[in-house]
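Okay, here's what each chain looks like letter by letter:
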Amino acid sequence: MSELSHFNNEKHAKMVDVSDKEATLREAVAVCTVFVNAEVFELITSGTTKKGDVLAVAQIAGVMAAKRTPDIIPMCHPVNITGVDISFTPDKQQCAINIKATVRCMGVTGVEMEALTVVSAAALTIYDMCKAVQKDIEIGSIKLVRKSGGTSGEYINE
């Protein structure tokens, strides 16, 4: 595909018509990293911030974000999500929290945007819950690492 599909003949934005596509099992995996200082890393990993368990709240925020993706991405189709899995891997050496989200559906369009939205919302939640202790938290490396299903097949960028 060499052309952008979200524009009509008049060059106006449109939602792509997927009514002729066949429903298949689709999965997308996205990742993101949140970099904090040693003090905030300890607060997050010990679950002792004043606002509560940061990763538990980020987990809920991520799931909620998956379900609301078409509400914030204008041309994103609503999909019937069948599963959302989020993992947090602390990296003590880098004082970082690595976030990985896997989103699945049985549908006519993929869930890449949902997976990317999950890790973004989870990262922003970590930022929000820790910003009182550290102002220079950095969110980086938000990317799609894998997708499968549909006519375009499998994509891997790990």
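### Digging into unusual backbone geometry
- Not every positive phi belongs to a glycine, and cysteine 95 is a case in point at roughly 50°.
- Mapped onto the secondary structure, cysteine 95 falls in the loop between strand 2 (81-91) and strand 3 (96-107).
- Owing to a relative accessible area of 16%, cysteine 95 belongs among the buried residues under this scheme.
- Positive phi is not limited to glycine here, since serine 141 has a value of about 55°.
- In this structure, serine 141 sits in strand 4 (residues 138-148).

### Brief notes about the packing of helix 2 (residues 54-72) against helix 3 (residues 112-130)
- With their axes 7 Å apart at the nearest point, helix 2 and helix 3 run at an angle of 135° to one another. When the axis of helix 2 is compared with that of helix 3, the two are oblique. As for how helix 2 packs across helix 3, the hand of that crossing is right-handed. Residue-level contacts link Val54, Leu55, Val57, Ala58, Ala61, Gly62, Ala65, Ala66, Thr69, Pro70 and Ile72 of helix 2 to Met113, Glu114, Thr117, Val118, Ala121, Ala122, Thr125, Ile126, Met129 and Cys130 of helix 3.
- For the contact of helix 2 with helix 3, a count of residues per class yields 16 nonpolar, four polar and one charged.

Definitions and cut-offs
- Residues numbered from 1 in each chain as written.
- Predicted model: local features only at pLDDT ≥ 70, side-chain atom pairs only at ≥ 80, totals over all residues.
- Heavy atoms only, no water.
- Helix = DSSP H or I, 4+ residues; strand = E, 2+ residues; numbered from the N terminus.
- Buried < 20%, exposed > 50% of the residue type's maximum accessible area, 1.4 Å probe, protein only.
- Axes fitted to C-alpha atoms, helices over the stretch in contact; angles between N-to-C directions.
- Parallel < 35°, antiparallel > 145°, perpendicular 65-115°, else oblique.
- Left-handed = near helix turned anticlockwise from the far one by under 90°.
- Contact = heavy atoms within 4.5 Å.
- Nonpolar A, V, L, I, M, F, W, Y, C, P; charged D, E, K, R; others polar.

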